[in-house]
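# Breakdown of the fold
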Amino acid sequence: MGSIGPELLGRLFDAHAAALRLYARQWCAGSDAEDAVQEAFLSLARQSAVPGQVAAWLHRVVRNAAISAARSRHRRLKREARASSGEAWFSSVDDQLDARSATRLLAELELDCREVIVARLWGGLTFDQIARLQGCSLTTAHRRYHHGLAQLHERLERPCSTPTKTT
Amino acid sequence: MFNPDEDHLSSFEERLRSWVPSPGGLDRDRMLFEAGRAEVQGTIEAGTRANLWKFATAAAVLLASGLGMAWHNERSQRRALELTFARLAPPPPAPLVATPELIAQRQEKEAAIDPTSYLALVQQLKHLDATNLEPQRTAPGTVQRVRAADPPRTAPLRPRDWDRVITL
């Protein structure tokens, strides 16, 4: 496996795979996201040396693969069909919320803001790395992050407005 | 409105961080297996590619050396042929020197020309003027005799004057 041994590759997979899948889900359906993550790790295995910032490198590869997959019409239709099934992006959330609601809240954010939040919170990237990924300035990355967090906070703290049926 | 600069930003971030992304259908062992298989395939392809380069290089060297030997043989054969031809060729003629004997021979040849021959006629025409067909210089001897036989040139020469053309 080049200069990257199976142990290191396994450790990197354990550390980043789930977050990378969540990151890829911003653009494509579950199976395509998993394919993107798989391809990213295979590409990493083919590298002659471990990239300097391996998390940022993996995010970049996954991002390119996910965007490429999302551009395919066939896959887009499949993604829409799967999205309608409401697959949760999280396996567990806090006790105040269920996984589907968390997924819906996150999915309602704008793509740019959502990408920054996912890469920052679950991917563990720095704002500098995120700005390079998105091809924007550091200030823009900060602004998107804070804007997305504010929206999420507002929606999480919003009281339940479901009308109760009274007789 | 949520203010990210306030202290509860970190607590809210921590709450979000506690959400665990779903691994979905990702399989660690499958990934490692695929990586190993890709590495083996890559090694085989790289070996084939390296052998191909070696074969191509050896073929190019052989072709170049063969062409060089053929060129050398052809060149040496050509040189040998040139030397053979040079040996068989007759010696170049000595340059002509205008000796008195040669001049006398040439004058005798010119004097021996029949005055009614074509060569005498050409030599006569060389001495005529192109415009009025009058002789510029009077040639001695034979030329005077030829001119005496010419018809009178009172009328201009016409295309249908076959007799005059022939007797010219």
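Structure first, text after, so check above.
The present account deals with the structure reproduced in this document. Worth saying up front: this structure is predicted, and the values here are computed from it rather than measured.

### What to know about the overall build of chain A
Looking only at helices and strands, one finds eight helices and one strand in chain A. The secondary structure elements of chain A, listed N-terminal to C-terminal, are α-α-α-α-β-α-α-α-α. When the 167 residues of chain A are sorted by exposure, 52% land in the buried category. When the accessible area of chain A is evaluated, it comes to approximately 8,300 Å², of which 48% is carbon and sulfur surface.

### Examining the packing of aromatic side chains
The full count for this structure, using the stated rule, is six aromatic pairs over all chains. Ring centres 5.2 Å apart and planes at 85 degrees place the aromatic pair Tyr23 of chain A and Trp27 of chain A in the edge-to-face group. Classification of Tyr23 of chain A as buried rests on a relative accessible area of 0%. On the basis of relative accessibility, which here comes to 9%, the residue Trp27 of chain A falls in the buried class. Three or more aromatic residues link up through ring pairs in this structure, and these residues are Phe90 and Trp122 of chain A together with Trp19 of chain B.

### Description of the pattern of salt bridges
Under the defined criterion, the tally for this structure stands at 10 salt bridges over all chains. Of the charged contacts in the structure, one is a salt bridge between Arg132 of chain A and Asp128 of chain A, with a shortest N-O distance of 3.2 Å. A residue pair is termed a helical-turn pair when its members lie 3 or 4 positions apart in one helix, as Arg132 of chain A and Asp128 of chain A do in helix α7 (residues 127-134) at four residues. You can call Arg132 of chain A exposed: its relative accessible area is 52%. Here Glu34 of chain B makes a salt bridge to Arg37 of chain B, at a shortest N to O gap of 3.2 Å. With Glu34 of chain B and Arg37 of chain B both in helix α2 (residues 28-88) and three residues apart, this pair spans about one turn of that helix. Where salt bridges share partners, they join Arg104, Glu108 and Arg155 of chain A into one cluster.

### Quick word on the interface of chain B and chain A
Between chain B and chain A, the residue contacts involve 29 residues of the former and 41 residues of the latter. Taken over both partners, the interface formed by chain B and chain A buries close to 3,200 Å², and the fraction arising from carbon and sulfur atoms is 66%. Among the residues chain B hides against chain A, the three largest losses belong to Trp19, Leu26 and Met31 of chain B. Together they make up 24% of the total. Where chain B touches chain A, the interface holds one salt bridge. Residue Asp14 of chain A is joined to Arg28 of chain B by a salt bridge in which the shortest nitrogen-to-oxygen separation is 3.1 Å. Those elements that provide at least two residues to the side of chain B that touches chain A are α1 (8-17), β1 (20-21) and α2 of chain B. A class-by-class count of the residues in the side of chain B that touches chain A yields 15 nonpolar, six polar and eight charged. Taken together, the two bridges between strand β1 (residues 90-92) of chain A and β1 of chain B define a ladder with antiparallel strand orientation. Bridge assignment links Phe90 of chain A to a residue of β1 of chain B, and that residue is Pro21 of chain B.

### Thoughts on the nonpolar core
Of all hydrophobic cores here, the largest spans 59 residues; its most connected members are Leu9, Phe41, Phe90 and Trp122 of chain A together with Leu16 and Trp19 of chain B. In this structure, Leu16 of chain B is in contact with Leu121, Trp122, Leu149, Leu152 and Leu156 of chain A, ignoring residues within four places of it in sequence.

### Details of the side chain of Arg21 of chain A
Residue position: Arg21 of chain A is located in helix α1 (residues 6-24). Those residues within four positions of Arg21 of chain A in sequence are excluded, and the remaining contacts are Gly30, Ala33, Glu34, Val37 and Glu87 of chain A together with Ser22, Pro23, Gly24, Gly25 and Leu26 of chain B.

### Let's talk about a nonpolar patch on the surface
Nonpolar side chains collect at one region of the surface, where Leu81, Phe85 and Leu88 of chain B lie side by side and expose about 360 Å² of accessible area between them. In this fold, Leu81 of chain B is placed in helix α2.

Reading the values: rules and limits
- Residues numbered from 1 in each chain as written.
- Chains lettered and ligands numbered in written order.
- Predicted model: local features only at pLDDT ≥ 70, side-chain atom pairs only at ≥ 80, totals over all residues.
- Heavy atoms only, no water.
- Helix = DSSP H or I, 4+ residues; strand = E, 2+ residues; numbered from the N terminus.
- Buried < 20%, exposed > 50% of the residue type's maximum accessible area, 1.4 Å probe, protein only.
- Areas by Shrake-Rupley, 256 points an atom, 1.4 Å probe, with all protein chains shown as cover.
- Phe/Tyr/Trp six-rings, centres within 6.5 Å; stacked < 30°, edge-to-face > 60°.
- Salt bridge = Lys/Arg side-chain N within 4 Å of Asp/Glu carboxyl O.
- Contact = heavy atoms within 4.5 Å.
- Buried area = accessible area lost by both parts, 1.4 Å probe.
- Nonpolar A, V, L, I, M, F, W, Y, C, P; charged D, E, K, R; others polar.
- Pairing = 2+ DSSP bridges.
- Core = buried A, V, L, I, M, F, W, Y, C linked by side-chain atoms within 4.5 Å.
- Patch = residues over 30% accessible without salt bridge, like charges linked within 9 Å, V, L, I, M, F, W, Y side chains within 5 Å.

Honestly, it's all geometry; don't read function into it.
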